[in-house]
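# Overview (structure and organization)
Now for the letters of each chain:
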Amino acid sequence: MAEDPSPSCYSTQLRSHVCGELRASHADQTVTILGWVDLLRNQGGLVFLDLRDRYGSVQVALRPEKENVDNELLSSLHAEDFLKITGVVTLRPEENRNSKRSTGDVEIIASSVERISVAKTPPILVGTKGDREAEKGKEADEETRLKYRFLDLRRPSHQKRLMLRHKICSSMRRTLDDRDFIDVETPILTLSTPEGARDYLVPSRISKGSYYALPQSPQIFKQLLMVSGFDRYYQIARCFRDEDLRADRQPEFTQLDLEMACVGEEDVLKVIEGFVTKAAKVAGYEVATPFPRMSYHKAMLHYGSDKPDTRFEMLIQDATSIVAKTENNFLKKVVDDEGTIRVLGATKAVEHYTRKQLDGLSDIARQRGGGGVAWMKVVGEKGADKRVQSPIAKFFPAEVMEELLELVGATEVGSLVLVVADKNPTLAANIAGDVRLAVGKKLNLLKGKEKQLNFLFTVEFPLFEPDPDNPGAVMPTAHPFTGVHPEDEEYLYSDPTRVRGRHYDLVLNGTELGSGSVRIHKTEIQQRIFEILGISREDQEVRFGFMLDAFRYGAPPHGGFALGIDRFVQILTDAHSIRDVIAFPKMNNARCPMTLAPSTVEDQLLADVGAQVTDEVRAAWAKKEASE
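Residues numbered from 1 in each chain as written. Predicted model: local features only at pLDDT ≥ 70, side-chain atom pairs only at ≥ 80, totals over all residues. Heavy atoms only, no water.

## Structural notes on the overall build of the protein
Within the protein one finds 19 helices and 22 strands. Along the longest, intermediate and shortest principal axes, the C-alpha atoms of the protein span 95 × 75 × 55 Å. Scored against the burial criterion, the 628 residues of the protein give a buried share of 49%. Considering only residue pairs separated by 6 or more positions, the protein has 67% of its internal contacts joining residues 24 or more positions apart. When the accessible area of the protein is evaluated, it comes to approximately 31600 Å², of which 49% is carbon and sulfur surface. (Helix = DSSP H or I, 4+ residues; strand = E, 2+ residues; numbered from the N terminus. Buried < 20%, exposed > 50% of the residue type's maximum accessible area, 1.4 Å probe, protein only. Contact = heavy atoms within 4.5 Å. Areas by Shrake-Rupley, 256 points an atom, 1.4 Å probe, with all protein chains shown as cover.)

This is the structure:
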């Protein structure tokens with residue numbers, strides 16, 4: 001019997017090996033391992049337990065009659081106690097081996113057991129028990145699990161996700177390092193800039209009444225690095241946005257940020273394809289390149305979204321010209337008011353919907369602020385008297401109806417046609433897009449495609465869109481540093497709404513993973529963009545003078561991109577939300593149940609930074625806290 005264990009890269013003063021690395025090749029070696037009690041089974045004169053650490057678990061056999069194994073200790077052990085165990089690795093009998101576990105061929109016959117720390121009964125199930133309950137849909141509620149996140153993270157599924165996240169980030173770093181990008185840290189305490197969301201503000205103690213902003217992205221600084229001559233930059237950056245949260249949003253998030261000088265769009269897109277495909281391979285996916293490119297116009301027309309899920313067809317079509325052939329009706333009125341009619345068709349769909357469920361599709365439109373969704377059932381063959389069954393069928397002559405059915409490929413009996421009409425073309429497109437996704441889910445069109453990765457780039461975005469809160473004004477579709485399409489530069493001075501930006505989004509399965517653009521590098525163009533957005537020359541110099549000045553000293557053309565790591569890892573690990581791939585996330589109300597952040601602070605701390613809190617504000621805080 002070998003007294004000394006084989007060398008292990010995990011060997012420390014306290015252990016020789018980790019639980020998950022023991023194999024048949026370690027048989028007859030004496031090892032020392034540390035870990036948590038995962039499962040405990042008392043079989044009379046023999047006690048078995050599974051000891052677990054980050055690397056896996058291994059079965060340990062404890063015999064009370066052994067000299068160094070305390071019987072009283074054995075009788076008091078329970079789950080999540082942290083133990084140090086020394087013993088001999090032994091091959092398990094053939095019939096008792098567990099092929100589902102990497103250590104299933106062996107067990108440790110313990111000669112010494114030391115309890116390092118005693119665990120209280122956990123308020124939630126952790127370890128493999130926690131994962132088993134989750135598989136049954138019986139895990140504790142999310143707020144409780146986040147309150148005890150340090151225990152929830154002991155579950156092997158959570159640890160695997162975070163370890164895969166690490167490997168994905170390492171892969172992206174290596175890919176960019178090999179392309180001669182350099183990792184540069186940019187400031188966390190910076191200036192408030194227009195990035196599309198509210199900033200988190202940090203009061204200054206030294207300059208009372210003044211505030212830093214936490215960065216929504218390193219945008220300005222990475223552009224300045226290009227002006228400084230660094231040519232290729234990247235950073236895995238922490239970013240902050242004070243906005244309403246959803247399953248794919250957090251107040252603080254992580255992105256892979258990069259910038260390149262002397263490039264056009266295709267140069268940046270190729271770099272993105274490079275590190276994304278290698279990162280996906282780390283997660284077990286093979287992805288082909290180049291990724292498809294789709295114009296913003298086509299995406300909005302056929303998918304009703306600038307982040308289309310292309311894993312199933314059911315394309316939306318514009319039926320405005322067809323409806324224009326009909327007589328007076330509510331659809332024709334929308335057309336006459338320069339509105340838009342969008343339709344989509346689904347074959348073999350009628351049997352999946354009741355009349356009540358079809359009428360319920362209008363709720364999707366109302367949630368967006370639209371009027372409703374009209375439906376048509378194809379119940380007869382071509383030429384039949386009652387070819388279509390629908391509350392709106394009477395408005396369509398037979399030949400016009402047939403043209404509509406052919407447009408959306410819904411000519412077969414059992415097909416369903418859905419119609420969206422609105423004066424606002426973008427709203428009509430968005431509603432049709434939401435309906436498409438809802439019908440696709442209802443018909444289970446993603447069956448067998450759940451693990452499929454459909455990447456694409458959405459390109460040729462409009463640079464501006466109408467500002468819904470300020471009639472006649474426009475707002476940027478991305479950030480105001482996005483470059484202008486060379487063919488559209490003249491419209492900056494005549495019709496800015498016609499200008500296309502040099503913007504691109506990376507989309508995966510209907511989720512926007514990130515965005516970027518070729519940037520503005522000329523002072524006069526940047527000033528004109530600011531003017532269109534209502535920022536005066538004087539205000540430009542106050543807020544962005546340093547950037548405009550940098551462009552005056554010879555700025556190279558440059559472009560970049562930012563990838564949302566949380567979202568990317570969420571999809572690659574098939575996690576329910578990004579909270580599952582972040583070590584210590586916030587809840588939907590932006591609060592942390594574990595640390596209870598954000599919290600009130602002492603009045604003296606507020607006074608130190610020149611902040612004043614009125615009684616009315618304190619009352620509002622108390623009321624909000626009570627409601628939560």
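## What about the packing of helix H6 (residues 219–227) against helix H16 (residues 537–551)?
The interhelical angle for the contact between H6 and H16, taken along N-to-C directions, is 25°, at an axis separation of 10 Å. Classified by the angle between their axes, H6 and H16 sit roughly parallel to one another. In the crossing of H6 with H16, the sense of the turn from one axis to the other is left-handed. Along its contact with H6, which presents Ile220, Gln223, Leu224 and Val227, the element H16 presents Phe544, Phe546, Met547, Ala550 and Phe551. (Axes fitted to C-alpha atoms, helices over the stretch in contact; angles between N-to-C directions. Parallel < 35°, antiparallel > 145°, perpendicular 65-115°, else oblique. Left-handed = near helix turned anticlockwise from the far one by under 90°.)

## Topic: the nonpolar core
Leu258, Phe275, Phe455, Leu506 and Phe568 are the most contacted members of the largest nonpolar core, which has 41 residues in total. Listed by contribution, the elements that provide at least two residues to this core are helix H5 (156–178), strand E10 (252–261), helix H7 (265–282), strand E17 (455–459), strand E20 (503–508), strand E22 (558–564) and helix H17 (565–572). If we ignore the near neighbours within four places in the chain, the residues touching Phe568 are Ile168, Val276, Ala279, Ala280, Phe455, Leu508, Leu513 and Leu563. (Core = buried A, V, L, I, M, F, W, Y, C linked by side-chain atoms within 4.5 Å.)

## Observations concerning unusual backbone geometry
Put simply, Thr289 and Pro290 share a cis peptide bond, and its omega is 0°. Here the phi dihedral of Glu338 falls at roughly 65°; this positive angle occurs in a residue that is not glycine. Locating Glu338 in the fold gives a position in the loop between helix H10 (330–336) and strand E13 (340–346). Glu338 sits in the exposed class, given a relative accessible area of 70%. Of note in the backbone geometry, Glu460 takes a positive phi value of approximately 55° without being a glycine. On the secondary structure map, Glu460 appears in the loop between E17 and strand E18 (464–466). On the basis of relative accessible area, Glu460 is assigned to the partly exposed category, the value being 38%.

## Observations regarding helix H13 (residues 398–407)
Within H13, burial applies to Val400, Met401, Glu402, Leu404 and Leu405. Buried residues in H13 make contact with helix H9 (320–323), E13, strand E14 (374–378), strand E15 (388–389) and strand E16 (416–422). Following H13 by one or two positions, Gly409 adopts a phi angle in the positive range, close to 65°.

## Remarks on the packing of aromatic side chains
If you walk through the whole model with that rule in mind, you get 11 aromatic pairs. Ring plane angle 75° and centroid distance 6.0 Å describe the contact between Phe330 and Phe395, whose orientation is recorded as edge-to-face. Taken as a pair, Phe330 in helix H10 and Phe395 in the loop between E15 and H13 lie far apart in primary sequence, 65 residues in all. On the accessibility criterion, Phe330 (43% relative accessible area) is partly exposed. Residue classification places Phe395 among the partly exposed residues on the basis of a relative accessible area of 24%. Centre to centre, the rings of Phe481 and Phe544 are 6.1 Å apart; their planes meet at 75°, and the pair counts as edge-to-face. Pair noted here: Phe481 is in the loop between strand E19 (474–476) and E20 and Phe544 is in helix H16, with a separation of 63 residues, a long-range link. The buried category is assigned to Phe544, whose relative accessible area is 0%. (Phe/Tyr/Trp six-rings, centres within 6.5 Å; stacked < 30°, edge-to-face > 60°.)

## Some points on the side chain of Arg528
In this structure, Arg528 sits in helix H15 (residues 523–532). Of note is the side chain of Arg528, whose polar atom sits 2.8 Å from the backbone oxygen of Leu492. Once residues lying within four places of it in the same chain are set aside, the contact partners of Arg528 are Leu492 and Tyr493. (Polar contact = N/O pair within 3.5 Å; in protein donor to acceptor, adjacent residues only side chain to side chain.)

## Notes on the sheet that holds E17
The eight strands are arranged E6-E9-E10-E22-E21-E20-E17-E11 in an open sheet whose pairing can be described as mixed. The two strands at the open ends of the sheet, each matched to only one other strand, are strand E6 (182–183) and strand E11 (293–295). With five bridges connecting them, strand E21 (residues 511–518) and E22 associate as antiparallel partners. In the sheet register, Gly516 faces E22, and the bridge partner there is Phe561. Contacts from H5 reach E6, strand E9 (232–240), E10 and E22 within the one sheet, and its direction differs from that of E9 by about 150°. (Pairing = 2+ DSSP bridges.)

Note that every value here comes from positions in space, so none of it alone points to a role or purpose.
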